[in-house]
Amino acid sequence: MLKPLLLGVLVLLTGCHKQDDASRTGLIYCAEGSPQTFNPQVSNSGVTLDASSRPLYDRLLEVNPNTLALEGGLATRWQVSEDGLSYTLTLRQGVTFHHTPWFNP
(Lines give C-alpha, C1' and ligand atoms only; values in the text may rest on other atoms or scores of the structure.)
Protein backbone atom coordinates (compact mmCIF):
# COMPACT_ATOMS: atom_id res chain seq x y z
CA MET A 1 0.00 0.00 0.00
CA LEU A 2 2.84 2.39 0.82
CA LYS A 3 4.72 1.77 -2.44
CA PRO A 4 1.85 2.79 -4.78
CA LEU A 5 1.15 5.87 -2.66
CA LEU A 6 4.84 6.87 -2.65
CA LEU A 7 5.03 6.31 -6.41
CA GLY A 8 1.96 8.50 -6.97
CA VAL A 9 3.40 11.32 -4.85
CA LEU A 10 6.72 11.14 -6.73
CA VAL A 11 4.95 11.31 -10.10
CA LEU A 12 2.95 14.36 -9.00
CA LEU A 13 5.99 16.14 -7.58
CA THR A 14 8.05 15.75 -10.77
CA GLY A 15 5.73 18.28 -12.44
CA CYS A 16 6.30 20.81 -9.66
CA HIS A 17 9.84 21.83 -10.52
CA LYS A 18 10.70 25.52 -10.92
CA GLN A 19 10.78 26.70 -14.53
CA ASP A 20 13.46 29.07 -15.71
CA ASP A 21 12.42 32.59 -16.72
CA ALA A 22 12.94 31.96 -20.45
CA SER A 23 10.24 29.30 -20.56
CA ARG A 24 7.65 31.51 -18.83
CA THR A 25 7.88 34.58 -21.04
CA GLY A 26 6.73 35.19 -24.57
CA LEU A 27 4.27 33.60 -26.91
CA ILE A 28 5.07 30.14 -28.18
CA TYR A 29 2.99 28.76 -31.03
CA CYS A 30 3.44 25.26 -32.32
CA ALA A 31 1.44 23.73 -35.14
CA GLU A 32 1.51 20.04 -35.80
CA GLY A 33 1.39 18.99 -39.40
CA SER A 34 3.14 19.19 -42.71
CA PRO A 35 2.73 22.03 -45.19
CA GLN A 36 0.66 21.21 -48.27
CA THR A 37 2.93 23.35 -50.44
CA PHE A 38 5.69 25.91 -50.09
CA ASN A 39 3.78 28.41 -52.25
CA PRO A 40 1.64 30.49 -49.85
CA GLN A 41 -0.41 31.98 -52.71
CA VAL A 42 -2.15 28.68 -53.41
CA SER A 43 -3.01 27.62 -49.86
CA ASN A 44 -5.12 28.77 -46.95
CA SER A 45 -3.83 26.21 -44.45
CA GLY A 46 -2.36 27.72 -41.29
CA VAL A 47 0.43 25.16 -41.18
CA THR A 48 1.35 25.86 -44.80
CA LEU A 49 1.32 29.62 -44.31
CA ASP A 50 3.43 29.37 -41.15
CA ALA A 51 6.00 27.19 -42.91
CA SER A 52 6.24 29.17 -46.14
CA SER A 53 5.27 32.82 -45.79
CA ARG A 54 7.53 33.77 -42.86
CA PRO A 55 10.76 32.70 -44.60
CA LEU A 56 9.69 34.19 -47.96
CA TYR A 57 8.07 37.52 -47.16
CA ASP A 58 8.87 40.54 -45.02
CA ARG A 59 5.96 42.08 -43.16
CA LEU A 60 5.22 45.74 -42.48
CA LEU A 61 5.02 45.13 -38.73
CA GLU A 62 6.19 42.29 -36.51
CA VAL A 63 4.91 41.12 -33.13
CA ASN A 64 7.53 40.82 -30.41
CA PRO A 65 7.07 37.27 -29.05
CA ASN A 66 8.06 38.30 -25.51
CA THR A 67 6.06 41.51 -25.06
CA LEU A 68 3.45 41.04 -27.83
CA ALA A 69 4.12 44.67 -28.81
CA LEU A 70 4.20 45.76 -32.44
CA GLU A 71 7.67 46.41 -33.84
CA GLY A 72 8.79 47.63 -37.22
CA GLY A 73 9.46 45.20 -40.03
CA LEU A 74 9.47 46.99 -43.37
CA ALA A 75 7.92 49.99 -41.62
CA THR A 76 10.04 52.15 -39.35
CA ARG A 77 7.11 54.26 -38.11
CA TRP A 78 3.35 54.08 -38.26
CA GLN A 79 0.44 56.28 -37.29
CA VAL A 80 -3.22 55.41 -36.84
CA SER A 81 -5.91 58.01 -37.49
CA GLU A 82 -8.16 59.05 -34.60
CA ASP A 83 -11.08 57.06 -36.04
CA GLY A 84 -8.85 53.99 -36.48
CA LEU A 85 -9.69 53.69 -40.19
CA SER A 86 -6.46 54.99 -41.75
CA TYR A 87 -2.91 53.84 -41.21
CA THR A 88 0.16 55.74 -42.41
CA LEU A 89 3.35 53.68 -42.54
CA THR A 90 6.84 54.96 -43.23
CA LEU A 91 8.99 52.32 -44.95
CA ARG A 92 12.65 51.86 -44.14
CA GLN A 93 15.21 53.04 -46.71
CA GLY A 94 15.94 50.69 -49.60
CA VAL A 95 12.62 48.83 -49.63
CA THR A 96 11.76 47.90 -53.21
CA PHE A 97 8.75 46.22 -54.77
CA HIS A 98 8.42 44.08 -57.84
CA HIS A 99 6.74 45.32 -61.01
CA THR A 100 4.00 43.46 -62.84
CA PRO A 101 1.66 44.48 -65.69
CA TRP A 102 -1.06 45.24 -63.09
CA PHE A 103 1.13 46.70 -60.30
CA ASN A 104 3.66 49.48 -60.73
CA PRO A 105 4.65 51.05 -57.39
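Attention here is on the structure that accompanies the text. As the structure is a computational prediction, the values presented were derived from the model and not from experiment.

**Some points on the overall build of the protein chain**
Consideration 1: Along the backbone of the protein chain there are three helices and four strands.
Consideration 2: In the protein chain, the succession of α and β elements from N to C terminus is α-α-α-β-β-β-β.
Consideration 3: Taken across its 105 residues, the protein chain has 10% of its residues classed as buried.
Consideration 4: Restricting the contact set of the protein chain to residue pairs at least 6 apart, pairs at least 24 apart contribute 10%.
Consideration 5: For the protein chain, the exposed surface amounts to about 9300 Å²; the carbon and sulfur share of it is 59%.

**Points about the layout of surface pockets**
Consideration 1: Of the voids in this model, the largest pocket is the one considered here, and its volume is about 220 Å³.
Consideration 2: Around the largest pocket sit Q41, L56, Y57, D58, L74, V95, T96, F97 and H98, which together line it.

**Looking at the environment of S52**
Consideration 1: Assignment of secondary structure puts S52 in helix α3 (residues 46-56).
Consideration 2: Taking the C-alpha atoms as reference, S52 lies 6.1 Å from P40; in sequence the two are twelve residues apart.
Consideration 3: Setting aside residues up to four positions removed in sequence, S52 forms contacts with T37, F38 and P40.

**Topic: the side chain of S43**
Consideration 1: The residue S43 is located in the loop between α2 (21-24) and α3 in this model.
Consideration 2: Here S43 falls in the buried class, since its relative accessible area comes to 13%.
Consideration 3: A polar contact is formed between the side chain of S43 and the side chain of Q36, at a distance of 3.3 Å.

**Looking at the pairing of strand β4 (residues 87-91)**
Consideration 1: Taken together, the five bridges between strand β3 (residues 75-80) and β4 define a ladder with antiparallel strand orientation. Looking at β4, one finds that R77 is bridged to T90.
Consideration 2: Counted between consecutive antiparallel strands, the loop separating β3 from β4 contains six residues, among which G84 sits at a positive phi close to 75°.

**Things to note about the pattern of salt bridges**
Consideration 1: Counted according to the given criterion, the structure contains two salt bridges.
Consideration 2: Ionic pairing is found between R92 and D58, a salt bridge with its closest N-O pair at 4.0 Å. Separated by 34 residues along the polypeptide, R92 in the segment after β4 and D58 in the loop between α3 and β1 (61-63) bring together distant segments of the chain.
Consideration 3: Of the residues examined, R92 reaches a relative accessible area of 38% and is grouped as partly exposed.
Consideration 4: With its nearest N and O atoms 3.3 Å apart, the salt bridge here joins E62 to R59.
Consideration 5: Accessibility expressed as a relative area gives 21% for E62, which makes it partly exposed.

What counts and how
- Residues numbered from 1 in each chain as written.
- Predicted model: local features only at pLDDT ≥ 70, side-chain atom pairs only at ≥ 80, totals over all residues.
- Heavy atoms only, no water.
- Helix = DSSP H or I, 4+ residues; strand = E, 2+ residues; numbered from the N terminus.
- Buried < 20%, exposed > 50% of the residue type's maximum accessible area, 1.4 Å probe, protein only.
- Contact = heavy atoms within 4.5 Å.
- Areas by Shrake-Rupley, 256 points an atom, 1.4 Å probe, with all protein chains shown as cover.
- 1 Å grid on protein atoms, 1.4 Å probe; cavity = no way out; pocket = protein on both sides within 12 Å on 5 of 7 lines; lining within 4 Å.
- Points joined across faces, edges and corners; volume = space filled by probe spheres on them.
- Polar contact = N/O pair within 3.5 Å; in protein donor to acceptor, adjacent residues only side chain to side chain.
- Pairing = 2+ DSSP bridges.
- Salt bridge = Lys/Arg side-chain N within 4 Å of Asp/Glu carboxyl O.

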